[in-house]
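What follows is each chain in one-letter form.
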Amino acid sequence: MLDITGLSHRYEDGHQAVDGVELHVDRGELVSIVGPSGCGKSTLLRCVAGLQRPSAGRISVAGRAVDGVPDDLAVVFQDYTRSLFPWLTVRDNVALPLRRRGLARAERRARALDALAQVGLDATAGKYPWQLSGGMQQRVAIARALAYRPALLLMDEPFGSVDAQTREDLEDLLLAVRGGAGHQGGAGHRGGAGHRRGAGHQGGAGTTILLVTHDIDESVYVADRVVVLTGAPGRVHSDLPVDLPAPRDQIGTRALPAFVRLRTEVGRAVRRP
Ligand code: ADP
Ligand code: MG
């Protein structure tokens, strides 16, 4: 699904942000990316999203070289304050990109409401983004990405602004989305964020997800693999498979010795890059 070879990027001011990143992600995989602050994680995602042309290296998505924003891609940025249109309602913000899917208006609205329900925000559909808290705005941005049902979903520290319990719900939602229909048995959802089945993208199999996160426990809990980047300039330090049983569970999984071992290993790799 995603092939990155020899990716390097140097900004105009001469700052080398990433240097020689190699990363290959299979369709349906959820890969967490962690690394010290400033090591080039956001730069890497922007290059994959086609928003920034790397100085060197090759990136291809679904076998096609990235040259502009790939078609079947959605991105959730860290900075929610810049990601929603203030003059559109929450529902219309979520529905807007669905025009690119060629869906009729009624279908766009239905999908938007469905995605808002997935993040527990269906009651805010008629409000404007500026009437919501920061954490809620970020959930709207997440709903917008989910409604699009992209083949590849890029997320840059997407849960930084939400409270701890919502964060756990969103992690479980990611697990459900990643697996496509029926993968994650009954990942428990609180607070009415009842997640629907069948959120998989239009190709059928589960969505491929690249998640940048600061949170080492989270990086292990949600992922099939954790990729640790070195300190600046970033390159791949280690690539650890996460062999934890499914369905994962916020309490049970985090208590497993294998989980504790992995988070310790990731923590060490991040601190001693
Ligand atoms: P991370 O997301 O891992 O914290 P970034 O990819 O945001 O790291 O940034 C990597 C490095 O590149 C940082 O030192 C940052 O200051 C620098 N950087 C980011 N964007 C630019 C830019 N537009 N011009 C110059 N340097 C930049
Ligand atoms: Mg960043």
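- For the protein chain, an unreviewed UniProt entry supplies the name ABC transporter and the organism Streptomyces silvensis.

1. Considerations on the overall build of the protein chain
Right, so step 1: On a plain count of helices and strands, the protein chain comes out with eight helices and 10 strands.
Right, so step 2: What you see for the protein chain is a C-alpha radius of gyration of 18 Å, in line with the 19 Å of a compact globule of 273 residues.
Right, so step 3: Summarising its shape, the C-alpha atoms of the protein chain cover approximately 45 × 45 × 35 Å along the three principal directions.
Right, so step 4: Considering the protein chain as a whole, with its 273 residues, one finds that 52% of them fall into the buried category.
Right, so step 5: A fraction of 67% describes how many contacts in the protein chain between residues 6 or more apart in sequence connect residues 24 or more apart.
Right, so step 6: On the protein chain, roughly 12,000 Å² of surface is accessible, and the fraction owed to carbon and sulfur atoms is 49%.
Right, so step 7: Seen as two clouds, the 34 positive and the 30 negative side-chain charges of the protein chain have centres 4 Å apart.

2. A few points about the pattern of salt bridges
Right, so step 1: All chains considered together, the criterion is met by 13 salt bridges.
Right, so step 2: Among the ionic pairs, Arg167 bridges to Asp215, the shortest N-O distance being 3.9 Å. Separated by 48 residues along the polypeptide, Arg167 in helix α5 (residues 164-179) and Asp215 in the loop between β8 (208-212) and α6 (216-222) bring together distant segments of the chain.
Right, so step 3: For Arg167, a relative accessible area of 18% translates into the label buried.
Right, so step 4: Linking Arg225 and Asp239 is a salt bridge whose minimum nitrogen-to-oxygen distance equals 2.8 Å. Of this pair, Arg225 sits in strand β9 (residues 225-229) while Asp239 is found in strand β10 (residues 236-241), placing the two residues 14 residues apart along the sequence.
Right, so step 5: According to the relative accessible area criterion, Asp239 is partly exposed, its value standing at 37%.
Right, so step 6: Through salt bridges with shared partners, one network takes in Arg167, Glu171, Asp215, Glu218 and Arg254.

The rules behind the values
Residues numbered from 1 in each chain as written. Chains lettered and ligands numbered in written order. Predicted model: local features only at pLDDT ≥ 70, side-chain atom pairs only at ≥ 80, totals over all residues. Heavy atoms only, no water. Helix = DSSP H or I, 4+ residues; strand = E, 2+ residues; numbered from the N terminus. Rg over C-alpha atoms; globule rule 2.2 N^0.38 Å. Buried < 20%, exposed > 50% of the residue type's maximum accessible area, 1.4 Å probe, protein only. Contact = heavy atoms within 4.5 Å. Areas by Shrake-Rupley, 256 points an atom, 1.4 Å probe, with all protein chains shown as cover. Lys, Arg positive; Asp, Glu negative; His and termini not counted. Charge placed at Lys NZ, Arg CZ, Asp CG, Glu CD. Salt bridge = Lys/Arg side-chain N within 4 Å of Asp/Glu carboxyl O.

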